[in-house]
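Chain by chain, the residues run as shown.
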Amino acid sequence: MKTDLVIFDLAGTTVKDNNDVPRILQRTLAKFDTYITLDEAIDVMGISKPVAIQKLLEKYNDDLITITSDGIDAIHKVFVEDMIDFYKNDASIGEKDGVSGTFEILRKNNIKVAVDTGFDRQITDVLLERLRWKKDKLIDFSITSDEVLRGRPFPDMIFKALEHFSINDPACVAKVGDTPVDLQEGSAAGCGLVIGVTSGAFPREVLELEKHTHLISAIPEILPILNLKQEHQLA
């Protein structure tokens, strides 16, 4: 079946991320006297960040009564501020190799390009502006975890994208991401292609445990999966 839409994750999949997101989450929680390791922060990557914060608080707080929605919101607010500052100002921010070129080839072949993310809209808009993907018309749609009832691993963001493009059959959709919950999201939605990226937050051996159709190490590798040719070497 022809693929009409590819939905990409952001940090770790299409956006360079040297453990920046988990590192900032770790630092944010430390401001609220919750001390986690970097690996523990990595383990909750891909899910909506308020849910990630709640999971980590529950793991480290013996008195669960003290974990309130207001407390989670307060921590998340600081995390959002820290991420916005990072994405606006850090010199390391950029896309992974070949991403823009891959987006261009997909769109030239009448395949829509969308991004979904565990970030909220505030962070996502700052990042997309920095990358210039919207200004350069490289993506057709974006959806964030705070714009749906349930974030990953639930398929709500994918279903929202299907609705936006008036696509009735999720088998026409490819979901691409670097975390187990990305793959779980794609499978839960019934996507025809569920593609894991092994150069992000989780190694191949972890992603192999999840239901998927393909594993790739770099974004341009999706082109032959879709029977598309590179017009030139994608830098």
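The following refers to the structure shown.

Attention shifts here to the overall build of the chain. When helices and strands are tallied, the chain shows 10 helices and 6 strands. Since a compact globule built from 235 residues should have a radius of gyration of about 18 Å, the 17 Å found for the chain is in line with a globular shape. The burial tally for the chain puts 54% of its 235 residues in the buried class. Relative to all contacts within the chain whose residues are 6 or more apart in sequence, the contacts with residues 24 or more apart total 67%. Accessible surface computed for the chain: about 11,100 Å², of which carbon and sulfur atoms make up 48%. With 27 positive and 39 negative side-chain charges, the chain shows a spacing of 6 Å between the two charge centroids.

What follows concerns unusual backbone geometry. With an omega dihedral of 10 degrees, the bond running from R152 to P153 counts as a cis peptide bond. Structurally, the position occupied by P153 is in the loop between β3 (141–144) and α7 (156–165). Here N19, not a glycine, exhibits a phi torsion of approximately 60 degrees, which is positive. For N19, the location among the structural elements is in the loop between β1 (5–8) and α1 (20–30). We note that D33 has phi near 60 degrees; this positive angle belongs to a residue other than glycine. Look at D33 and you get exposed, because its relative accessible area is 61%.

In this section: the pattern of salt bridges. Evaluation of the coordinates by the stated rule reveals 16 salt bridges. The partner of D82 in a salt bridge is K31, and the shortest N-O contact between them spans 3.0 Å. Residue D82 is found in helix α4 (residues 69–89), and its partner K31 is found in the loop between α1 and α2 (38–43); the two are separated by 51 residues along the sequence. Across the pair D182 and R152 runs a salt bridge, and its minimum N-O distance is 3.2 Å. Placement of the pair is D182 in helix α8 (residues 180–189) and R152 in the loop between β3 and α7, with a sequence separation of 30 residues. R152 shares its class with D182; the two are buried.

A separate point is the layout of surface pockets. Within this model, the largest pocket holds a volume of roughly 220 Å³. A11, G12, D17, M45 and D178 are the residues nearest the centre of the largest pocket, which is lined by 22 residues in total. Considered class by class, the residues forming the lining of the largest pocket number 7 nonpolar, 8 polar and 7 charged.

Turning to the side chain of T34, a few remarks are in order. By secondary structure assignment, the location of T34 is in the loop between α1 and α2. Overall, T34 belongs to the buried group, its relative accessible area being 10%.

Attention now moves to α7. Turning to α7, its buried residues are D156, M157, I158, A161, L162 and F165. Its buried side turned inward, α7 meets β1, β2 (112–117), β3, β4 (173–177) and α8. The first or second residue beyond α7 is S166, which carries a positive phi of 55 degrees.

Calculation notes
- Residues numbered from 1 in each chain as written.
- Predicted model: local features only at pLDDT ≥ 70, side-chain atom pairs only at ≥ 80, totals over all residues.
- Heavy atoms only, no water.
- Helix = DSSP H or I, 4+ residues; strand = E, 2+ residues; numbered from the N terminus.
- Rg over C-alpha atoms; globule rule 2.2 N^0.38 Å.
- Buried < 20%, exposed > 50% of the residue type's maximum accessible area, 1.4 Å probe, protein only.
- Contact = heavy atoms within 4.5 Å.
- Areas by Shrake-Rupley, 256 points an atom, 1.4 Å probe, with all protein chains shown as cover.
- Lys, Arg positive; Asp, Glu negative; His and termini not counted.
- Charge placed at Lys NZ, Arg CZ, Asp CG, Glu CD.
- Salt bridge = Lys/Arg side-chain N within 4 Å of Asp/Glu carboxyl O.
- 1 Å grid on protein atoms, 1.4 Å probe; cavity = no way out; pocket = protein on both sides within 12 Å on 5 of 7 lines; lining within 4 Å.
- Points joined across faces, edges and corners; volume = space filled by probe spheres on them.
- Nonpolar A, V, L, I, M, F, W, Y, C, P; charged D, E, K, R; others polar.

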